[in-house]
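# Structural overview for review
Read off the chains here:
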Amino acid sequence: MDHSHPVKVTDHFRVSPPLGSVPTTSLPLTFFDYPWLLCRPMERLFFYELPYPALYLTHTIVPSLKNSLSLTLQHFFPLASNLMCPPSPHKPYMLFKDGDSIPFTVVESTLDFDQVIGDQARDVRELLCFVPKWPPTRVTSDDTRVVPLLALQVAVFPNSGICIGAKFCHVVADGTAFNHFMKSWASIFRSREDIACLEKSMLPSHDRSGIKDPLELESIFTKQLWNWASSWDYDLGSTRDDQLGDKVGVAFTISQTLIERLKDLVSNRCMENYQEQVNVSTFVVACAFTWVNLIKSQEKEASDLFDSDEVYHFVFVADCRHRLETKLPETYFGNCLAICFVPVKKRELHGEHGIIIAAKAIGGKVKELERGVLLGAEKWISSWKEISEQGRLVTVAGSPKLRAYETDFGWGRPRKTEVPHVHASGSFHLCESRDGRGGVEIGLTISKGQMDVFHGIFEQGKQNLI
């Protein structure tokens, strides 16, 4: 397949909040935002079944999407703002000025809709055409870099459906905040552009005064980031094709029944072997199951790659809005994540009780958050840099709690959601199962050789739970 021309651009717009609806606003970064300055943009795709002709989709659906987006940005204006990065020692900040806008592209796809949303293993480059192009960074006369924060694209599949693709800079929003934006946009679209449909209690909060910094993390992170300034990449464009040439993506589902059996297994074995109870949430057991199977499939594909005493790391983030000493509202718009590192020796992951040990370690890290979400926070950036350079880590993006499949524009649940940025990052994606029956959907990208091995190990693991 020719990966370079599977879609045709039919229109390109700039969408802003209604003129005069948002005053010029400058938002300082908090210490929760700083770690994500090093992060490439997040990407999310929502595929909806809409069996209408292209003319209807482009002349009726797309204009309503644009209008409702404009109204939504009135409340979620940071997404239309720019990240301002002045030279050292000045700190970066976000700035919105009246008229600031985001790129909104419309394309028409010739690909088969049902094939695109399938769970089968396939070349991950097929999804890149549905990810919006990232606008270039500008540099002002005083050497301030002006970085855009959101780009959107709607892909039309004539007589089949549409894909809403988003690409956003993590500095402006974490997963909770971005999903709040998407669901608000969907709600305004469903209400025929009645902005009053957003109840006051559901409006985003931009008040950052509740985030206290007793450990002076902002100062620590600022110094670390400026020390690594030469490696910063402000032009955060698309993933290069050659990074994905040997990669295939696939989606697996673990049913609620199997999740419950995993929870029982972990809970019982931990009591038997360690005489202690552990956190056995859906997130914990799904991550442990996937992590261990990934490590085992890597070993079978390339044996003795690392010594058995080598330490592997699993990295996840935890929402802190309700965990801070002064709780933030659930509607806080920005980043409020603790970065959690879980170390386990290779031989333990490969052992008979690998999943139990992994779940105990991940659950233990979740439990530690109760003692304080900022314990060890001064090492978030330095630990990430050190661990990522070792190459023995797996990260997870997303969570079933985000309820991505509840993003309903009035056309029903998405037929599929995708998170393309995980393809080049060595992570997997986790969300609730699309059938709404309590299971979880796992999306990952690995080499073609590893995929067959992983699939066999993963399915055998599920069979062992039946």
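Residues numbered from 1 in each chain as written. Predicted model: local features only at pLDDT ≥ 70, side-chain atom pairs only at ≥ 80, totals over all residues. Heavy atoms only, no water.

The name given to the protein chain in an unreviewed UniProt entry is Anthocyanin acyltransferase, and the organism recorded there is Salix brachista.

### Section: the overall build of the protein chain
Tallying secondary structure elements over the protein chain gives ten helices and 18 strands in all. The C-alpha radius of gyration computed for the protein chain amounts to 22 Å, which stays within 12% of the reference 23 Å derived for 466 residues, consistent with globular compactness. Seen along its three principal axes, the alpha-carbon backbone of the protein chain occupies a region of about 65 × 55 × 40 Å. Looking at the 466 residues of the protein chain, the share that counts as buried comes to 55%. Nonlocal contacts in the protein chain, meaning residues at least 24 apart in sequence, comprise 79% of its contacts between residues at least 6 apart. Taken together, the 49 basic and 56 acidic charged side chains of the protein chain have centroids lying 2 Å from each other. (Helix = DSSP H or I, 4+ residues; strand = E, 2+ residues; numbered from the N terminus. Rg over C-alpha atoms; globule rule 2.2 N^0.38 Å. Buried < 20%, exposed > 50% of the residue type's maximum accessible area, 1.4 Å probe, protein only. Contact = heavy atoms within 4.5 Å. Lys, Arg positive; Asp, Glu negative; His and termini not counted. Charge placed at Lys NZ, Arg CZ, Asp CG, Glu CD.)

### Some points on the side chain of Ser 81
Following the sequence through the fold, Ser 81 ends up in the loop between α1 (54-75) and β4 (82-85). From its side chain, Ser 81 meets the backbone oxygen of Pro 78 in a polar contact 2.5 Å long. Setting aside residues no more than four positions away along its own chain, Ser 81 makes contact with Met 94, Leu 95, Phe 96, Asp 100 and Leu 149. (Polar contact = N/O pair within 3.5 Å; in protein donor to acceptor, adjacent residues only side chain to side chain.)

### Topic: helix α3 (residues 175-190)
The terminal C-alpha atoms of α3 lie 22 Å apart, and with 16 residues this matches the ideal 22 Å at 1.5 Å per residue to within 8%. With twelve of 16 residues buried, α3 is to be regarded as a mostly interior element. For α3, every residue scored as buried is listed here: Ala 177, Phe 178, Asn 179, His 180, Phe 181, Met 182, Ser 184, Trp 185, Ala 186, Ser 187, Ile 188 and Phe 189. Lining the buried residues of α3 we find β3 (42-49), α1, β6 (102-109), β10 (150-157) and β11 (161-168). You can read the cap of α3 off the contacts: a side-chain oxygen lies 3.3 Å from the backbone nitrogen of Thr 176, and it is on Asp 174. (Expected span 1.5 Å × (residues − 1).)

### Points about the pattern of salt bridges
Taken as a whole, this structure holds 19 salt bridges when the rule is applied. Glu 49 is paired through a salt bridge with Arg 415; the nearest N and O atoms lie 3.0 Å apart. Here the residue Glu 49 occupies a position in strand β3, and Arg 415 occupies one in the loop between β15 (393-397) and β16 (416-418), the gap between them amounting to 366 residues. We classify Glu 49 as partly exposed; its relative accessible area is 42%. Residue class for Arg 415 comes out partly exposed when judged on its relative accessible area of 31%. Among the ionic pairs, Asp 319 bridges to Arg 321, the shortest N-O distance being 2.9 Å. Arg 321 matches Asp 319 in its accessibility class, with the two residues each being buried. (Salt bridge = Lys/Arg side-chain N within 4 Å of Asp/Glu carboxyl O.)

### What about the sheet that holds strand β18 (residues 440-447)?
Taking strand neighbours across the sheet as the criterion, the seven strands line up as β7-β12-β18-β17-β15-β13-β14 in an open arrangement whose pairing is mixed. The open sheet is flanked by β7 (122-123) and β14 (337-345), the only strands paired with a single partner. As defined by bridge partners, β15 adjoins strand β17 (residues 427-432) across three bridges and the pair is classed as parallel. Directly across from Ala 397, in β17, lies its bridge partner His 429. Together, β13 (311-319) and β14 form the strand contacts of helix α8 (residues 354-368), whose direction differs from that of β14 by roughly 150°. (Pairing = 2+ DSSP bridges. Axes fitted to C-alpha atoms, helices over the stretch in contact; angles between N-to-C directions.)

### Structural notes on unusual backbone geometry
Here the bond from Ser 88 into Pro 89 is cis, since omega is 10°, no more than 30 degrees from zero. Of note, Pro 89 is situated in the loop between β4 and β5 (93-96). Of note in the backbone geometry, Asp 143 takes a positive phi value of approximately 70° without being a glycine. By the element assignment, Asp 143 lies in the loop between β8 (138-139) and β9 (145-148).

### Structural notes on the pairing of β11
For β11, the tally of buried residues reaches eight of eight residues, placing the bulk of the element in the interior. Because side chains alternate across β11, one face comprises the buried residues Gly 161, Cys 163, Gly 165 and Lys 167, and the other comprises Ile 162, Ile 164, Ala 166 and Phe 168, equally buried. Sheet topology places β3 next to β11; eight bridges connect them, and they run antiparallel. Paired with Tyr 48 across the strands is Ile 162, a residue of β11. Here eight bridges tie β10 to β11, and the two strands are oriented antiparallel to one another. The partner of Leu 152 across the bridge, within β11, is Ala 166. Counted along the chain from β10 to the antiparallel partner β11, the turn is three residues long, and its residue Asn 159 has a positive phi close to 65°.

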